[in-house]
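Letter by letter, the chains look like this.
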Amino acid sequence: MDAGHFADALPPGVRLERGEGGLERLAIDCPAASARMFLHGAHLAHWQPAGQRPVLWMSRRSMFGAGQPIRGGAPICFPWFGPHPADPKLPLHGIIRLRTWRLDTVNEGSDGSVRAELCLRSDERTRSLWAHDFEARFAVEVGAGLTMSLTVHNTGGAAFDFEEALHTYLAVGDVRQVRIGGLAGVTFIDKTDHFRRKTQGPEPIAIAAETDRLYLDTDAAVVLDDPSLGRRIHVAKSGSRCTAVWNPWIAKAKAMPDFGDDEWSGMICIETANAADNRVTLAPGAAHTMQATIALI
Ligand code: TA6
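Keep in mind that this is a model prediction, so the values were computed, not measured. (Residues numbered from 1 in each chain as written. Predicted model: local features only at pLDDT ≥ 70, side-chain atom pairs only at ≥ 80, totals over all residues. Heavy atoms only, no water.)

**Student:** A description of the site of the ligand should follow, citing residues and the corresponding values.
**Tutor:** Near the ligand you find Arg71, Phe81, Leu92, His93, Arg97, His167, Tyr169, Lys191, Asp212, Trp246 and Glu271, and these make up its full shell. Separating an oxygen atom of the ligand from a side-chain N or O atom of His167 is a distance of 3.0 Å. Between an oxygen atom of the ligand and a side-chain N or O atom of Asp212, the distance comes to 2.5 Å. Here the ligand has 390 Å² of accessible area as a free molecule, and 86% of this is covered by the chains. Of the residues assigned to the shell around the ligand, the class counts are four nonpolar, two polar and five charged. (Near = heavy atom within 4 Å. Polar contact = N/O pair within 3.5 Å; in protein donor to acceptor, adjacent residues only side chain to side chain. Areas by Shrake-Rupley, 256 points an atom, 1.4 Å probe, with all protein chains shown as cover. Nonpolar A, V, L, I, M, F, W, Y, C, P; charged D, E, K, R; others polar.)

As structure tokens, this is what we get:
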């Protein structure tokens, strides 16, 4: 395991192991929660607070392999969100979720939570896809709540701009019954209607068809009300001006080989992002941090 230097330094309840596809992952089983995070993409695949059902959704059809995106959990999108604007052959959602990150630190928090930090630096492979030098750092804190922070550092000599997202898949009992509050009056790009710009009405968002929206110029927290599981999930954020809401519904779910045909009703993506009008420009030497904090309330 290429993080072997951790072998004897991990806190209680934390181990490095091989998971699906033989991918190396951090397994966290602390009193407050359990979690699994692959070094591939620094991909948090599972988070389950003690006494609760899993909060992150994972497709039973997900692929687990080098060069393949994991379908579920919290994919990290950078330096573009969605398809590459000029070259559709490039990977959807950028280049860093397909690379193996370096595990830098794993520490126990005072409240029994566990905090891990991973790093990915630009190299020839990333420069062949995106010609800028950067260091990305991902910090995740797992406990009764979940905090994910993505920090991008411009290590090159010229400014660059980028898009980013913590593309979080949340598990729900029945997406047709959920309501999403916090985005009333916010302008969004409706990707299911020719990318038209619309304004969200005063009512909480209901999902009754394929839904693929990028809410702009908002730093609002969002509350997902899931009556069928009898729980509410609070998604707060900082350093993010966009929130994406996505459910593929029936036809899109069928069209994705790594998504079970009947799985669409058990998930909703609420994604903490900076994209489109809200892309980030970073001067040489500067850094930018985007954070999502998720809790059951
Ligand atoms: O964030 C929503 C979205 O951009 C959708 O348009 C859809 O493409 C979704 O992401 C799936 O992304 P993925 O790369 O995980 O298949």
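**Student:** Tell me what's going on with the nonpolar core, and back it up with residues and numbers.
**Tutor:** Among the nonpolar cores identified, the biggest contains 76 residues, and Leu26, Trp101, Phe138 and Met148 are the most heavily contacted of them. With five residues, strand 8 (residues 134-142) is the single largest residue contributor to this core. Grouped together as the second largest cluster of nonpolar side chains are 10 residues, Cys77, Leu216, Cys242 and Ala244 included. (Core = buried A, V, L, I, M, F, W, Y, C linked by side-chain atoms within 4.5 Å. Buried < 20%, exposed > 50% of the residue type's maximum accessible area, 1.4 Å probe, protein only. Helix = DSSP H or I, 4+ residues; strand = E, 2+ residues; numbered from the N terminus.)

**Student:** Go over the environment of Arg18, please, and point to the residues and values.
**Tutor:** With respect to the helices, strands and loops of the structure, Arg18 is situated in strand 1 (residues 14-18). Distance in space between the C-alpha atoms of Arg18 and Arg115 is 20 Å, their sequence separation being 97 residues. In terms of polar contacts, Arg18 uses its side chain to reach the backbone carbonyl oxygen of Gly22, at 3.1 Å.

**Student:** Tell me what's going on with the pairing of strand 7 (residues 114-121), and back it up with residues and numbers.
**Tutor:** Note on strand geometry: in a regular strand, side chains alternate between the two faces of the sheet. Counting buried positions along strand 7 gives six out of eight residues, so the element sits mostly inside the fold. Bridge count between strand 6 (residues 102-108) and strand 7: six bridges; the pairing is antiparallel. From the neighbouring strand, Asn107 faces strand 7, where its bridge partner is Arg115. Two successive antiparallel strands, strand 6 and strand 7, enclose a turn made up of five residues, where Gly112 displays a positive phi of approximately 85°. Two elements, strand 7 and strand 8, share eight bridges in a ladder whose sense is antiparallel. By the bridge assignment, Ala116 is partnered in strand 8 with Val140. (Pairing = 2+ DSSP bridges.)

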